[in-house]
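Chains, contacts and geometry: an overview
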Amino acid sequence: QVQLVESGGGLVQPGESLKLSCAASGNIFTIYTMGWYRQAPGKQRELVAAMPSGGSTNYADSVKGRFSISRDNAKNTVALQMNSLKPEDTAVYYCNVDLLTGSTYMRLTYWGQGTQVTVSS
């Protein structure tokens, strides 16, 4: 099995920063794309940022210039640096990993448990 463990959420004021982290572990052969999604109350889950293993990074228009995604392939981790946070960034943030499992070589997508980010004065 594969586990995703997220950390780094919290309550901040507008304009402040937060960094989210996600670590993947378990029966992993290779990881394709690592990314972050978010879901605000009453809204659909949306892509925030994604980083393929060999392609270009993709950001939601609403976070371009403020958020930055990075990954460490050796450690199977992905991070989301969030700067200049706004109240509309308030949501539960989910780590998302597209990978090939070891032994059975199945391509699967896994989700983290979610971490709350609240931006409020």
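Residues numbered from 1 in each chain as written. Predicted model: local features only at pLDDT ≥ 70, side-chain atom pairs only at ≥ 80, totals over all residues. Heavy atoms only, no water.

1. With respect to unusual backbone geometry
The backbone phi angle of serine 103 is positive, close to 65°, even though this residue is not glycine. Along the chain, serine 103 falls in the loop between strand E9 (91-101) and strand E10 (107-111). Classification of serine 103 by relative accessible area gives exposed; the value is 57%. The residue tyrosine 105 is not glycine, and still its phi comes out positive at about 50°. Turning to its location among the elements, tyrosine 105 is positioned in the loop between E9 and E10. (Helix = DSSP H or I, 4+ residues; strand = E, 2+ residues; numbered from the N terminus. Buried < 20%, exposed > 50% of the residue type's maximum accessible area, 1.4 Å probe, protein only.)

2. Here we look at the state of the cysteines
Applying the stated criterion across every chain, the model contains 1 disulfide. Across the disulfide, cysteine 22 is cross-linked to cysteine 95 (sulfur-sulfur distance 2.1 Å). Linking cysteine 22 and cysteine 95, the disulfide has an S-S dihedral of approximately -80° and is accordingly described as left-handed. Separated by 73 residues along the polypeptide, cysteine 22 in strand E3 (residues 18-26) and cysteine 95 in strand E9 bring together distant segments of the chain. The pair cysteine 22 / cysteine 95 is uniform in exposure class, with both members buried. (Disulfide = S-S within 2.5 Å.)

Function-wise, these values are silent; they only describe arrangement.
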